[in-house]
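Observations on the three-dimensional arrangement
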Amino acid sequence: MIHELSFEEVRTRMTLCRSASRLVALALLAGLATGCTPFGKNLRSASSPEEPRGQLLYDESMELIQSRQHEAAAARLVELLRSNPQGRQRIEAALALAYSQLQLDRPKEAAQLATQVIEENAETERMDYALYLRANALLALRPAPSAAQVRQAAEDLERLRQRYPDSQYAERAKETLAKVEERLADNELQAARLHWQRNQPVAVVNRCRYIIERYPDSAAVGGALEMMVGAYRQLGLNELADSTRAIRKGSVPP
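In this text, all values refer to a predicted model and were calculated from it rather than measured experimentally.

For the rest of this paragraph, the subject is the overall build of the chain. A tally of regular secondary structure across the chain gives 10 helices and zero strands. Going from N to C terminus, the chain has its helices and strands arranged as α-α-α-α-α-α-α-α-α-α. Look at the contacts in the chain between residues 6 or more apart in sequence, and 60% of them connect residues 24 or more apart. If you sum the accessible surface of the chain, you get close to 13,200 Å²; carbon and sulfur atoms cover 50% of it.

By size, the foremost hydrophobic cluster in this structure holds 63 residues, and its most contacted members are Ile65, Leu77, Leu95, Leu157, Leu160, Val180 and Cys208. Top element by residues in this core is helix 5 (residues 127–139). It accounts for 10 residues. Setting aside anything within four residues of it in sequence, one finds leucine 160 in contact with Asp128, Leu131, Tyr132, Pro165, Ser167, Tyr169, Ala170 and Ala173.

Of the pockets and cavities examined, the second largest pocket occupies roughly 160 Å³. Taken together, Leu81, Gln86, Gly87, Arg90, Ile91, Ala94, Leu113, Gln116, Val117, Glu120 and Asn121 make up the full set of residues lining the second largest pocket. Elements with a minimum of two residues in the lining of the second largest pocket: helix 3 (87–103) and helix 4 (107–120). In terms of residue class, the lining of the second largest pocket is made up of five nonpolar, four polar and two charged.

Attention now goes to the environment of arginine 53. By secondary structure assignment, the location of arginine 53 is in helix 1 (residues 52–66). The class of arginine 53 is partly exposed, set by a relative accessible area of 45%.

Tallied over the entire structure, the rule returns three aromatic pairs. Both rings, one in tyrosine 132 and one in tyrosine 169, keep their centres 5.6 Å apart while their planes meet at 10 degrees; by these two values the pair is stacked. Of this pair, tyrosine 132 sits in helix 5 while tyrosine 169 is found in the loop between helix 6 (147–163) and helix 7 (170–197), placing the two residues 37 residues apart along the sequence. Note on tyrosine 132: relative accessible area 1%, which makes it buried. With 6.1 Å between their ring centres and 85 degrees between their planes, tyrosine 210 and tyrosine 215 make a pair best called edge-to-face. Among the aromatic residues, ring-to-ring pairing joins Tyr129, Tyr132 and Tyr169 into one connected group.

This next bit is on a nonpolar patch on the surface. Among the surface-exposed residues, Val202, Leu235, Leu237 and Leu240 lie close enough to one another that they form a single nonpolar patch of about 310 Å² accessible area. Its place among the elements puts leucine 237 in the loop between helix 9 (220–234) and helix 10 (238–251).

Let's shift gears to the environment of alanine 241. Relative to the helices and strands, alanine 241 resides in helix 10. It is 4.5 Å that separates the C-alpha atoms of alanine 241 and valine 229, two residues lying 12 residues apart in sequence. For alanine 241, the contacting residues outside a window of four places in its chain are Val229, Tyr232 and Arg233.

Here the focus is the packing of helix 7 against helix 8 (residues 201–214). The axes of two packed helices give the description: the angle between them and the distance between them. Direction vectors running N to C along helix 7 and helix 8 enclose 165 degrees, while the axes themselves pass 8 Å from each other. As the angle between them shows, helix 7 and helix 8 are arranged roughly antiparallel. The way helix 7 lies across helix 8 gives a crossing that is left-handed. Where helix 7 abuts helix 8, its residues Glu181, Ala185, Glu188, Leu189, Ala191, Ala192, His195 and Trp196 lie against Ala203, Val204, Arg207, Cys208, Tyr210, Ile211 and Arg214. When the residues that make up the contact of helix 7 with helix 8 are grouped by side-chain class, the tally is 10 nonpolar, one polar and four charged.

Calculation notes
- Residues numbered from 1 in each chain as written.
- Predicted model: local features only at pLDDT ≥ 70, side-chain atom pairs only at ≥ 80, totals over all residues.
- Heavy atoms only, no water.
- Helix = DSSP H or I, 4+ residues; strand = E, 2+ residues; numbered from the N terminus.
- Contact = heavy atoms within 4.5 Å.
- Areas by Shrake-Rupley, 256 points an atom, 1.4 Å probe, with all protein chains shown as cover.
- Core = buried A, V, L, I, M, F, W, Y, C linked by side-chain atoms within 4.5 Å.
- Buried < 20%, exposed > 50% of the residue type's maximum accessible area, 1.4 Å probe, protein only.
- 1 Å grid on protein atoms, 1.4 Å probe; cavity = no way out; pocket = protein on both sides within 12 Å on 5 of 7 lines; lining within 4 Å.
- Points joined across faces, edges and corners; volume = space filled by probe spheres on them.
- Nonpolar A, V, L, I, M, F, W, Y, C, P; charged D, E, K, R; others polar.
- Phe/Tyr/Trp six-rings, centres within 6.5 Å; stacked < 30°, edge-to-face > 60°.
- Patch = residues over 30% accessible without salt bridge, like charges linked within 9 Å, V, L, I, M, F, W, Y side chains within 5 Å.
- Salt bridge = Lys/Arg side-chain N within 4 Å of Asp/Glu carboxyl O.
- Axes fitted to C-alpha atoms, helices over the stretch in contact; angles between N-to-C directions.
- Parallel < 35°, antiparallel > 145°, perpendicular 65-115°, else oblique.
- Left-handed = near helix turned anticlockwise from the far one by under 90°.

Nothing here speaks to function; it is geometry throughout.
Listed below in structure tokens is the structure:
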């Protein structure tokens, strides 16, 4: 089971009533940290007075999420989404369901829901949260996410940081992205080792160069430089091997 993500903010800024004002209290998403912040009394329904059933389902799901009864919350949110709500209500219900699915250790379903929101609502103000939620869901896939899924998570986190620098998720996205990039760099280093075993020194050089350029702060850089030295020697490029060796000694602690 992954660490819980705080979901207090899911119900904030929510109302379809034309006369309702915008909520200003936003709770922090806990990211990979443990714990869940309780909901505040200032949270409002996502439904309008003309939709009492939808309002009831949403309110009940939020109370259940607050008490960590995610299975029951998910059931109500599924029923709500089956009624085909529109606009902000549909987005919030989908994100709430994705959150509950993630807490129920169903990251595949959570990622699918977040993806639907991202693809169908390009202009939504909740895009930062949807990206962050999908990235965490992809990284939580069992038994382990594929290389493509890890790359997608990294792209989501980078997109969040670049497009929404003031988002409350931006700092957590930066921290998570650093861990993801370490994983990606290590994957590239493993691929370079396979090229080495197959006696493909040019491929080794290209792969290692990519690691150094794309993930310069990763722990894999030291290994990449070392492999480049050997590949250059094998290619008869001794000057390049010597200069790379000097870089390796000067930039990476032994």
